[in-house]
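# Architecture and fold: a report
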Amino acid sequence: MSLLSTSDRARSSRLSARRNRRRTDALRNRSRVRRLLLESLEDRRLLSVDFYAAQTFNVGSIPKSVAVSDFDADGNSDLVVANTGSHNVTVLRGQGDGTFQFGGYLNVGLYPYCVISADVNADGKADLAVANNTSNTLSILIGNGDGTFQDVTDWGVGTGPYSVVAADFNGDGISDLASANYGSHDVSILRGNGDGTFQSAIHSSAGAAPTSVAAKDFDMDGHCDLAVADFASGSVNILRGNGDCTFQDAAVFVVGSSPMSL
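Presented here is a report on the structure given in the accompanying data block. (Residues numbered from 1 in each chain as written. Predicted model: local features only at pLDDT ≥ 70, side-chain atom pairs only at ≥ 80, totals over all residues. Heavy atoms only, no water.)

### Quick look at the layout of surface pockets
Which entries qualify depends on this criterion: Put plainly, a pocket is an open set of points on a 1 Å grid over the protein atoms alone with protein on both sides within 12 Å along at least five of seven lines, a cavity is a set where a 1.4 Å probe fits but cannot get out, and a lining residue has an atom within 4 Å of a point. Grid points are joined across faces, edges and corners, and a volume is the space filled by probe spheres set on the points. Note on conventions: DSSP H or I runs of at least 4 residues are helices, E runs of at least 2 residues are strands, and numbering of each starts at the N terminus.
Roughly 260 Å³ of internal volume is contained in the largest pocket. As for the largest pocket, its lining consists of 15 residues, and the residues nearest its centre are Tyr162, Ser163, Thr211, Ser212 and Met260. Going through the elements one at a time, strand 1 (63–69), strand 5 (112–118), strand 9 (161–167) and strand 13 (210–216) are the ones with two or more residues in the lining of the largest pocket. In terms of residue count, the dominant contributor to the lining of the largest pocket is strand 13 (4 residues).

### Structural notes on the packing of aromatic side chains
Selection rule: Pairing of aromatic rings covers Phe, Tyr and the six-membered ring of Trp, with a centre-to-centre limit of 6.5 Å; geometry is then stacked below 30 degrees between planes, edge-to-face above 60, and tilted otherwise. Think of it in three bands: with a 1.4 Å probe and only protein chains considered, a residue is buried below 20% of the maximum accessible area for its type, exposed above 50%, and partly exposed in between.
A complete count under the given rule lists 8 aromatic pairs for this structure. When the centroid spacing of 4.8 Å and the interplanar angle of 75 degrees are considered together, the rings of Tyr113 and Tyr162 count as edge-to-face. Remark: Tyr162 occurs in strand 9 and Tyr113 occurs in strand 5; sequence separation between them is 49 residues. Residue Tyr113 is classed as buried on the basis of its relative accessible area of 18%. Taking the centre distance of 5.8 Å and the plane angle of 75 degrees together, the rings of Trp155 and Phe198 count as edge-to-face. With a gap of 43 residues between them, Trp155 in strand 8 (residues 153–156) and Phe198 in the loop between strand 11 (186–190) and strand 12 (202–205) connect regions that are remote in the sequence.

### Overview of the state of the cysteines
Where we set the bar: We call a pair of cysteine sulfur atoms a disulfide when they lie within 2.5 Å.
The full count for this structure, using the stated rule, is 0 disulfides. Just so you know, Cys224 is unpaired, no disulfide at all, and the nearest cysteine sulfur is the one on Cys245, 9.9 Å from it.

### Some details on a positive patch on the surface
Under the convention used in this document: Candidates for patches are residues over 30% relative accessible area with no salt bridge; among them, like charges are joined within 9 Å and nonpolar side chains (Val, Leu, Ile, Met, Phe, Trp, Tyr) within 5 Å. For the accessible areas, the method is Shrake-Rupley and the probe is 1.4 Å, while residue cover comes only from the protein chains on display. By convention in these notes, a salt bridge is any Lys or Arg side-chain nitrogen within 4 Å of a carboxyl oxygen on Asp or Glu. Only four residue types enter the tally: Lys and Arg on the positive side, Asp and Glu on the negative side; His and the chain ends are excluded. Lys charges are placed at NZ, Arg charges at CZ, Asp charges at CG and Glu charges at CD.
On the surface, Arg18, Arg19, Arg21, Arg22 and Arg23 cluster together into a patch of positive charge. Mapped onto the elements, Arg22 comes out in helix 1 (residues 6–48).

### Quick notes on the environment of Ser184
Put simply, the test is: Whether two residues touch is decided by their heavy atoms; if any such pair falls within 4.5 Å, the residues are in contact. Each polar contact in these results corresponds to two N or O atoms within 3.5 Å; when the atoms are within protein, one needs to be able to donate a hydrogen and the other to accept it, and residues that are neighboring in sequence are counted only if both atoms are side-chain atoms.
Among the secondary structure elements, Ser184 is positioned in the loop between strand 10 (176–181) and strand 11. For Ser184 and Val157, which are 27 residues apart along the polypeptide, the C-alpha to C-alpha distance reads 9.6 Å. Apart from residues lying up to four places away in sequence, Ser184 is in contact with Gly158 and Thr159. A polar atom in the side chain of Ser184 sits 2.7 Å from the side chain of Asp186.

### Looking at the sheet that holds strand 1
Selection criterion: Any two strands between which DSSP finds at least two bridges are classified as paired. All axes are obtained by fitting lines to C-alpha atoms, using only the stretch in contact for helices, and the reported angles, taken between N-to-C directions, cover 0 to 180 degrees.
Pairing within the open sheet is antiparallel, and its 4 strands lie in the order 1-2-3-4. Every interior strand has two partners, whereas the edge strands, strand 1 and strand 4 (100–107), have only one. Geometrically, the sheet is characterised by an average inter-axis angle of 20 degrees between neighbouring strands, direction not taken into account. Inspection of the sheet shows strand 3 (residues 88–94) paired to strand 4 by 6 bridges, in the antiparallel sense. Looking across to strand 4, one finds that Thr90 is bridged to Tyr105.

### Comments concerning the pattern of salt bridges
Following the criterion strictly, the structure yields 2 salt bridges and no others. Residues Asp72 and Arg93 are paired through a salt bridge, measuring 3.0 Å at the closest nitrogen-oxygen approach. Linking Asp72 in the loop between strand 1 and strand 2 (78–83) with Arg93 in strand 3, this pair joins segments that are 21 residues apart in sequence. Given the relative accessible area of 11%, Asp72 is considered buried. A residue is classified by how much of its surface remains accessible, and Arg93, at 29% relative accessible area, is partly exposed.

### Observations concerning the nonpolar core
Worth spelling out the cut-off: In this description, a nonpolar core means a group of buried Ala, Val, Leu, Ile, Met, Phe, Trp, Tyr and Cys residues linked to one another through side-chain atoms lying within 4.5 Å.
With 15 residues, the main nonpolar core has Phe169, Ile189, Leu226, Val228 and Leu239 as its most contacted residues. Among the elements of the structure, strand 9, strand 10, strand 11 and strand 14 (225–230) are those that each provide at least two residues to this core. Formed by 14 residues, the second largest nonpolar core is a distinct cluster that contains Cys114, Ile140, Val164 and Phe198.

### Some thoughts on the pairing of strand 15 (residues 235–239)
Of all the 5 residues making up strand 15, 5 are buried; the element is thus mostly covered by neighbouring parts of the structure. Alternating residues of strand 15 divide into Ser235, Asn237 and Leu239 and Val236 and Ile238, and every residue in both groups is buried. The pairing of strand 14 with strand 15 spans 5 bridges and is antiparallel. Note on strand 15: the bridge partner recorded for Asp230 is Ser235. Of the strand pairs in this sheet, strand 15 and strand 16 (residues 251–254) are connected by 4 bridges, and their pairing is antiparallel. Looking at the pairing, Val236 lines up with Phe253 of strand 16.

Written as structure tokens, this is what we have:
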């Protein structure tokens, strides 16, 4: 025989029903929040891939790398493309509306793999440095500030340069260059003289097959360091700078298989 009176049972039943309603409401609210979150993520995903139709601009044969800068000082971003197959670079002058005007071809070394923009003669105008994989050189093209460039000069580095970066490796305020050399398993440092010329290359070991190089002060000691992607070993080599264009032995950090770029 139940010890609860009829009124107690009714009260208990009402409390149970109220708890069930609260549970149901909470589940509905959670479901509504989940649905709103998914809708928000879907909207964000749609926005992230909403581009205008692609436009195509002709360059040379087998383009491998591109540099962006304002080469003619009109306030618009221009492009320079390294063409591995035609052994030259293409200048594309930006019109400020997403379109580009052909600005000519410039001959460099054999199989240019990488092009960057840097002011190597400290005149405030964007210059070009090009890593020539088969010539084993860096080509320097001094910018005139109007979208044209002076005659090319070539500077010897290691074997099979894949990549080049500009930075101040000795703290003199002048841009130096470093190339990642796949064939000679090292990086080459060209110390800048401040007039667009460079001293003879200094070499530092950097893994079995360097393909890419980046420069930054990674240990916050005021000296520029190097990070080098090693295609063969699946690692990144960190070379800590001594502040005089020389570097300490590489510290090796394993990444994924066959890294190509940093």
